[in-house]
Each structure stands twice: as structure tokens, then as C-alpha cells.
Amino acid sequence: MDDEQLGTFVSWDYVVFACLFVVSSGIGVFFAVKERKNPSSEFLVGGRQMTCGPVALSLTASFMSAVTVLGAPSDVYRFGGSFVLFGVAYTFVVIATAELFVPVFYRSGITSTYEYLEIRFCKGVRMAATLIYILQTILYTGVVVFAPALALNQVTGFNLWGSIFATGIVCTFYCTLGGLKAVVWTDAFQMVVMVVGFMTVLVQGTRKTGGAASVWEVAKNGNRLDIFDFDPDPLRRHTFWTISVGGTFTWLGIYGVNQSTIQRCISCKTETHAKLALYFNLLGLLVILVCAVFSGLIMYAFYANCDPWTAQSVTAPDQLMPYFVMEILGDYPGLPGLFVACAFSGTLSTVAASINALATVTYEDFVKQCCTNLSNKASGWISKGLCIVFGVACTTMAVAASYMGGVVQAALSIHGMCGGPMLGLFSLGIIFPWTNSMGAAGGLIVGIALSFWAGVGAFIYPALDINTRPLSLSIEGCLQVNSSDPTTVVPPSHLVPTTLPSRSSLADHWYSMSYLYYSAVGFSATVTAGLLISFITGHTRSQDVKPWLLRPVCNLFCFWSKKYKKMCWCGVHHELKQDMECPDTDTVKDEGPFVKEDIGRKGMKRKVQPAKNCYNLQEKAHDNAGFNEDTEPF
């Protein structure tokens, strides 16, 4: 395949791409003007009046980054259509998030997810979890900006630094001006752009390869449709079990307890809207997943006899998708720009969600702890200032990623390595009433240590092909440059066998574990260590934990019998739950009863007192040693 046949970006491509940034910025300006008279406390949570539709689109766009748009089709191209099994993991994740985690967070009236950890355990656990989240998110967001920008630059000639700085500036701009409402509605628009971009590639790619039947036949002959592999070996990269089980833990760490997700859910006006947003979001995830998988199959059918990666037309797998797009859409000015807009829609939505979430946890977990008497005006300016600070931090991280080389690959696994222990930490609080603060802190440390040991070790000692099992790629149909012989074969340099250094048993087993199990390892280690330490140091008595801080998952398995359900509650008084909860409460005050500002249809505000039996979660959450502030370092 001759590179000179490929087109490059033209004026119309840049116009289409620029429209994405202009509309995104315009949404931020619109909400800045529209919401300028609302209290600044609503800036980071959208006034808690969002509906399920835009929140669902926002959730989908935020976690379908450009890494997904470019990486998922490439994965299908190289390893086959088993990637579609992530749909199973997405389904389990959404159900668990909607039914297990969101009800607890929503009814607690919190703004930062990590507030729950102080209510349930202690302030030290909250601060540790917040710091881990901030570092993890800045690192991941920087890579999310840089990696697709580099791939697009090397294939299409699209300006690398221009796209990085434009992304950082535009995201910071509309986050700072419009707050969460601007982020949610911009994400909804960008979700539409992503689907339109994918559909353009699917339609034109199918036409270029001779139709859907031809694509299916070529993919079948190339073993790309061998989806179900039930091998239980945890060293295998992608099997039914690694994707459905390991993928569930990985994505549950991202969805179930991630500030970015929970912040959108608690911005909904009711708990029902929050749950519906998650279930509608599942449909969006499945649509994007199917589009990505079919794009990979079409790309394989197009290059079945001349793989551009083996032929060295591209230098990395992530460049395959933009290379394919330029080849099939290069003759149509504006359409390559539409696909780049599709890829960067994923980037913009992820970055904006990260900036908003980082500003929220920093304000709630650090600023409000230090400055307790801030006025609404001061709170608003601080929140906007934090958006700017984290916008600059994420953009700077993207620039730093250009000098990190292979560390970029390791950074992309950071969600799995951090998400598992964080999921385990929140599960200790929500599912296991016996956990105390020492157990939570110790479990988090053990989980982080084990998951990073596995993840960093796998980066140093990459898994062998016998575990990853890439499928065969052909260059028999390639025409080598300066050769008229169509059968000339270009040596596949990246497939040439090399002498491997001697590897220890640890490298061939522990470090060769599928990357999807990093989160499961972190979760299991955190929960196991947390419970052991809790019982060794004196566990919390079940009857001392207020029921709204827990979720009785045993009800799912004993739904037919109230007697057995109560036995499985382990002493927690869940039958008093309805009397104790505050369903009308939106915010948690440090002192005094809850007071909610209810905004009527005509914009009039009124104070609503809570129900008679409602308690202040901060004051009443615990009367046991597990909640008292630790006087000794853990």
C-alpha cells in the first residue's frame, strides 16, 4: 500500500473539526448566562435538577474516550470480535451501580463521593482516597488527550500541539463558565457526533469492501468471528471469563464509585431519574461498542490481504483506524474531519468530566474542610478557579506524556490498578457492616500494593504471544514501493522472532495475568485484608451502623422470606430505614437539621424542613470506634 495514495487534512476538514469546538464552547457560554443568578452551590452539581436523558448521554460520552474510538476497532482487527463481550460486563456494571451504589450516595445527600468514607469510617480514609483519585485522574486524562492526538497527527498530518492545547483550552473554558450543566449538555452533543462519525465510517467502509455479506465472509475466514472462548486460564488476554468477570470489576471501579459518574447521578432531580440515566446509558454504551466492533471487522475485511501495520505503513496499532479513515474518506472533503471530530468528542467529554469531578472533590474534601464560612460568591469563584487549575494540570500532563515514551501504555492501565482497590474500599463500607476505619485503611493499602505490583510487573515483562494470541495478518496483496511484482512480501519486522531474555516463573504467571484482572485483584485484596484487619483490631458492631450507609445485598437472594432477609442483615436495623432516611434532602450540613431550597416552576425558592424522623448523617452516622477520628496514624 503506497502512502502517497492517502490524502491529508484539507480546509473543509478543519472547518468541520472547528465546529465541534465552537458548539462546545457555545454551550458553556449559554449556561453561564442562563445560570448566572443561581446560587454558586449549584455550579458543581447542576442544581440537582437534571433529567435522565442528557445525563445518560453524558455518562456514555465521558467513558467512551478517543482511546476507545481508536483502540477498540484496532483490538478487533488484531484479536477478533470477542471485544463485543464487553457488553456483558457493561450490563452487570450498570445494574450493580444503579441498585447497589447510587441509592446509598443519592440518599446521603453528598456532593463528593469521598464524603461517604468520612461518614462511614474516618477523615484519614477520605483524604487518602481523594488524593489517589486526583493523581489517577490527572495522569489518565493527560494520556487520553495525548495518545489519540499523536495517532491522528502521524496519519492525517493533523497538528499535534494545536489539538492538545485546543482540547485543554476549550474544556477548561466551558467547564469554568457553565459548570456541570454545561459539561452534561456538551457531552450529549458530543455523543451524537461520535455516533454520526462511526456511522459514516461504517457505511463507506462497507461499500468499499463489497457489502455486509463480503465483510462477514472475510471476517469469518480470518477467525475474527470466533467470539466465545471459555478457557478459564487467567493468563489469557481475552476470553469469555476475562472479559465478563474481569471487565465487570474494571468498569465497576470506573462507574460504581468514580466521582465523575456519581456526580452526574446525584445531579438528577430524583433517584429514579438517576437510575434511569444509568440504564439508558447502557444502551448508549452498547451502541458505541457495536459500532467499534463492526468498524474493526470492516477494517480487517478491507486490509485482509495487505495489513498496513505489518507493511510498516503505520508504526502503531492505534494508527490503523485513522489510516483506514483517510483511505476510504480521503476523497470526500470534510468527512475525515467528521471522524476526527468523532474521536475528539470522546476526548473532550472525558477531559471535561475529569476537570469538573476534580474541582468538585478538591472543593468538598479540602477547601471546605479548611474554610468553613465561605460565602456563595467566594465558593463560586473558588470552584471556577479550581476548574482552571485542573484544566491546566491535565493539559500539562498531556504535554508531559509526549516525553514519557512507553510509560504511556502503563498509564492507560491506571484505572484498573486504582479502580479495583477503590471499589473494594467502598464495598467494605456499603456491604460489610463490621468494617472499621483501621480495616478500611489497611485494606486500601494492601489492594493498591498488589494491583500495582501486577500492573507494573506486566509492563516490565510483557505477556507472551501464547497468552495474547494475536490473529494472523497478511501482506500477500501488498505492492512494495518501487516494485512491479504484486507478490513481493514486506518483512513483518514486528513479528520477526527475537531471542527473549530468561523469564522467571513470576513473570510467566503473576505478571502475565490478563490486564482485565488487575481490578479484580485489587478489589479482592482490599476486601479480604480490610475484613481481617477489622476483626483483628475490633470490628464495628452491626447494630451501631446506621442502615442508610449500607445496602442489604442479601435481599436479592432472600427476597421470598422476610425472616431469612432479617437473619442476613447481621443485626443492622434495615426495617427502620424508611423512617430514618431523608429522601427530600439534597445537601449535608455540618451542623443542625437539613434544610433544602426547593425551586418552584416560577423560580421562587422556599425552605423545606425534613421529615420528622430525619437525622443529620454527619452527626448521627456512628457512635462506635470505627467512626471516631483516629488519634493514631494508620
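Look a little higher up for the structure.
Residues numbered from 1 in each chain as written. Predicted model: local features only at pLDDT ≥ 70, side-chain atom pairs only at ≥ 80, totals over all residues. Heavy atoms only, no water.

(A) Local environment of the overall build of the protein chain. Secondary structure summary: the protein chain contains 23 helices and 2 strands in total. Within the protein chain, the fraction of its 634 residues that count as buried is 57%. Sequence separation of 24 or more characterises 84% of the internal contacts of the protein chain that already satisfy a separation of 6 or more. Surface exposure of the protein chain reaches about 26,400 Å², of which carbon and sulfur atoms provide 63%. (Helix = DSSP H or I, 4+ residues; strand = E, 2+ residues; numbered from the N terminus. Buried < 20%, exposed > 50% of the residue type's maximum accessible area, 1.4 Å probe, protein only. Contact = heavy atoms within 4.5 Å. Areas by Shrake-Rupley, 256 points an atom, 1.4 Å probe, with all protein chains shown as cover.)

(B) Geometry of the nonpolar core. Formed by 145 residues in total, the largest nonpolar core has its most connected members in F101, Y116, L117, W251 and Y255. Ranked by residue count, the leading element in this core is helix α13 (residues 335-370), at 16 residues. For W251, the contacting residues outside a window of four places in its chain are F63, M64, F86, Y90, V93 and G256. Listed in part, the 8 residues of the second largest apolar core include M417, A458, Y517 and A520. (Core = buried A, V, L, I, M, F, W, Y, C linked by side-chain atoms within 4.5 Å.)

(C) Broad picture of a nonpolar patch on the surface. Where nonpolar side chains cluster on the molecular surface, the patch consists of V29, V33, F173 and L177 and spans about 290 Å² of accessible area. As for its placement among the helices and strands, V29 is situated in helix α1 (residues 11-34). You can call V29 partly exposed: its relative accessible area is 37%. (Patch = residues over 30% accessible without salt bridge, like charges linked within 9 Å, V, L, I, M, F, W, Y side chains within 5 Å. Salt bridge = Lys/Arg side-chain N within 4 Å of Asp/Glu carboxyl O.)

(D) Up close: the packing of aromatic side chains. Counted according to the given criterion, the structure contains 25 aromatic pairs. Between the aromatic rings of F228 and F230, the centroid separation amounts to 6.2 Å while the plane-to-plane angle is 10 degrees, which identifies the pairing as stacked. Residue F228 is classed as exposed on the basis of its relative accessible area, which comes to 55%. Members of the aromatic cluster, connected to one another through ring pairs, are F83, F86, Y90, W251 and Y255. In this structure, R224 packs its charged tip against the face of Y300, placed 4.0 Å from the ring centre. Here the basic side chain of R237 rests over the ring of F79, its NZ or CZ set 4.1 Å away from the ring centre. (Phe/Tyr/Trp six-rings, centres within 6.5 Å; stacked < 30°, edge-to-face > 60°. Lys NZ or Arg CZ within 6 Å of the ring centre and 35° of its normal.)

(E) Quick look at helix α6 (residues 123-156). Here α6 spans 49 Å end to end across 34 residues, near enough to the 50 Å set by a 1.5 Å rise per residue. G157, located one to two residues past α6, shows a positive phi value of around 80 degrees. (Expected span 1.5 Å × (residues − 1).)

(F) Spatial organisation of empty space enclosed by the protein. This structure, assessed with the given rule, holds 5 cavities of 30 Å³ or more. Approximately 60 Å³ is the volume attributed to the largest cavity. Together, Y114, Y133, Q136, G253, I254, V257, N258, H415, G419 and M422 line the largest cavity. Going through the elements one at a time, α6, α9 (240-255) and α16 (414-430) are the ones with two or more residues in the lining of the largest cavity. Partitioning the lining of the largest cavity into residue classes produces 5 nonpolar, 5 polar and no charged. (1 Å grid on protein atoms, 1.4 Å probe; cavity = no way out; pocket = protein on both sides within 12 Å on 5 of 7 lines; lining within 4 Å. Points joined across faces, edges and corners; volume = space filled by probe spheres on them. Nonpolar A, V, L, I, M, F, W, Y, C, P; charged D, E, K, R; others polar.)

(G) Seen up close, the side chain of E364. Here E364 lies in helix α13. A polar contact of 3.4 Å, which involves the side chain of E364, links it to the side chain of K368. Those residues in contact with E364, other than ones at most four positions away along the chain, are T111, S112, E115, R126 and Q369. (Polar contact = N/O pair within 3.5 Å; in protein donor to acceptor, adjacent residues only side chain to side chain.)

(H) Layout of unusual backbone geometry. One non-glycine residue, N223, lies in the positive phi region at around 65 degrees. With respect to the secondary-structure elements, N223 resides in the loop between α8 (212-221) and α9. Phi angles above zero are rare outside glycine, and Q312 is one such case at about 65 degrees. Mapped onto the elements, Q312 comes out in the loop between α11 (271-302) and α12 (320-329). You can call Q312 partly exposed: its relative accessible area is 45%.

(I) Seen up close, the packing of helix α10 (residues 259-266) against α13. α13 packs onto α10 with a crossing angle of 80 degrees between their chain directions and a minimal axis gap of 9 Å. By the angle between their directions, the pair α10 and α13 is classed as roughly perpendicular. Residues Q259, S260, Q263 and R264 of α10 form the contact with α13, whose participating residues are A353, N356, A357, T360 and V361. When the residues that make up the contact of α10 with α13 are grouped by side-chain class, the tally is 3 nonpolar, 5 polar and 1 charged. (Axes fitted to C-alpha atoms, helices over the stretch in contact; angles between N-to-C directions. Parallel < 35°, antiparallel > 145°, perpendicular 65-115°, else oblique.)

(J) Seen up close, the state of the cysteines. Per the stated rule, a full pass over the model turns up 1 disulfide. The disulfide partner of C306 is C478, and the S-S distance across this bridge is 2.0 Å. Its torsion about the S-S bond being 110 degrees, the disulfide of C306 and C478 is classed as right-handed. With C306 in the loop between α11 and α12 and C478 in the loop between α18 (465-468) and α19 (505-508), this pair connects stretches of sequence that are 172 residues apart. Of the residues examined, C478 reaches a relative accessible area of 1% and is grouped as buried. C387 takes part in no disulfide bond, and the closest cysteine sulfur to it belongs to C175, at a distance of 5.7 Å. (Disulfide = S-S within 2.5 Å.)

(K) Spatial organisation of the environment of R551. Examined against the element boundaries, R551 turns out to sit in the loop between α20 (518-537) and α21 (562-568). For the pair R551 and L100, spaced 451 residues apart in sequence, the C-alpha separation works out to 6.3 Å. From its side chain, R551 meets the backbone oxygen of E99 in a polar contact 2.8 Å long.

(L) Looking closely at the pattern of salt bridges. On inspection of all chains with the given rule, the structure shows 10 salt bridges. Between D229 and R236 there is a salt bridge, with its nearest N and O atoms 2.5 Å apart. Note that D231 and R236 form a salt bridge whose closest N and O atoms lie 3.1 Å from each other. Note on R236: relative accessible area 6%, which makes it buried. One salt-bridge network, held together by shared partners, links E99, R107, E271 and K275.

(M) Main features of the packing of α1 against α13. The N-to-C vectors of α1 and α13 enclose an angle of 30 degrees; their axes lie 7 Å apart at closest approach. Here α1 is positioned roughly parallel relative to α13, judged by the angle of their axes. In terms of crossing hand, the pair formed by α1 and α13 is right-handed. Contacts between α1 and α13 pair D13, V16, F17, L20, F21 and S24 from the former with L335, P336, G337, L338, V340, A341, F344, S345 and L348 from the latter. Here the residues of the contact of α1 with α13 are counted per class, giving 11 nonpolar, 3 polar and 1 charged. (Left-handed = near helix turned anticlockwise from the far one by under 90°.)

(N) Molecular detail of α9. Counted at 1.5 Å a residue, the expected span for α9 with its 16 residues is 22 Å, and the 21 Å between its end C-alpha atoms agrees. Along α9, the largest kink reaches about 30 degrees and is centred on G247. Summarising burial for α9: 13 of the 16 residues are buried, a large majority. (Bend = angle between axes of the 7 residues up to and from the residue.)

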